[in-house]
Amino acid sequence: MTTDERRQREAVRTHAHLRRYVLPNERVIVATRHHWALLLEPIATTAAAFLLIGTIVMSTPVGVRDTVQWLWVAWFVVAGRLAWKWLEWRYEWFVATDKRLLLLYGLVVHKVAMMPLKKVTDMGYSRSPTGQVLGYGRFDMESAGQDQALRTIRYVPQPDATYRTLCDTLFTPGGPPRDDEDDAPSGGGQRPPDGAPVPVPGGPTIVPGRGSSEGPRPTTQPIAVPPSSPAPRPPEAQPSDGAHPVSWKPTGASYDPPRSDGAIVPDPFL
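Residues numbered from 1 in each chain as written. Predicted model: local features only at pLDDT ≥ 70, side-chain atom pairs only at ≥ 80, totals over all residues. Heavy atoms only, no water.

Q: Quick question: what am I supposed to make of the sheet that holds strand β5 (residues 120-126) here?
A: Sheet strands pair by backbone hydrogen bonding; their relative direction is either parallel or antiparallel. Taken in spatial order, the three strands line up as β5-β6-β7 in an open sheet, and their pairing is antiparallel. With partners counted over all chains shown, the strands left at the sheet margins are β5 and β7 (152-157), one partner each. Neighbouring strand axes in the sheet, compared pairwise and without regard to direction, differ in orientation by 25° on average. Where β5 and strand β6 (residues 136-143) come together, six bridges link them in antiparallel fashion. Paired with methionine 123 across the strands is methionine 141, a residue of β6. Contacts between helix α7 (residues 159-170) and the sheet are confined to β5, β6 and β7, with β5 contributing the most and set at about 165° to the helix. (Pairing = 2+ DSSP bridges. Helix = DSSP H or I, 4+ residues; strand = E, 2+ residues; numbered from the N terminus. Axes fitted to C-alpha atoms, helices over the stretch in contact; angles between N-to-C directions. Contact = heavy atoms within 4.5 Å.)

Q: Could you clarify how one ought to interpret the side chain of histidine 34 in this entry?
A: Note that histidine 34 resides in the loop between β1 (28-32) and α3 (40-59). For histidine 34, a relative accessible area of 12% puts it in the buried group. Side-chain polar atoms of histidine 34 contact the backbone oxygen of arginine 154, separated by 2.8 Å. (Buried < 20%, exposed > 50% of the residue type's maximum accessible area, 1.4 Å probe, protein only. Polar contact = N/O pair within 3.5 Å; in protein donor to acceptor, adjacent residues only side chain to side chain.)

Nothing here speaks to function; it is all geometry.
See the structure below:
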């Protein structure tokens, strides 16, 4: 376990509101608050209000100075806003595990934005000029066809190291399973290596590069059929001796009656 991983686990262990949402079987990769630059605007506003009110009070004549002292009430309101922003900053956390991304925020109403790592298809990384000077960046998460709640993460401290850590988890072979891996074939999820026989359901095994399948293909053997012989005529249909042979013609031809040479014509031809 590296030093960074120990530090991330220690951060989760020491903060009760992080332990609520991190599962026991998850490995914490990143656990960090937003960069302190998030408080620059309320700090600058509070300082500017203090200088402005102090200048007005000091430049007011002594006789009416007690009246303008009420302007400090407005400054306490601005200072209270700074204290509220600081408490919100203390509560907001960005957590990345080996299974999902979490963004914890909300001081009064606790909220959790979550995105599974397998849904992340792309991650944009940008640093403004102020971010390059102060040391923070911004991550834009692209999900698989959905508009996730956890889309933009601003004011990420140590952005270069965090970006490399997330990319190593998201887009390496040892990272989380992708959606397209759910379509892996059954039988242990193993795909046949290149050049191996490819089983075809309901058919023979086809080997790439071979023209025919394994084994001879069954063929139909020819069956000898004896020639048919004409059916024998009944005795009464046999012509008598000396009768002229009768020739039959196809349908539609003219009828050629039998001719007699003086012999007796058999009964069937009368």
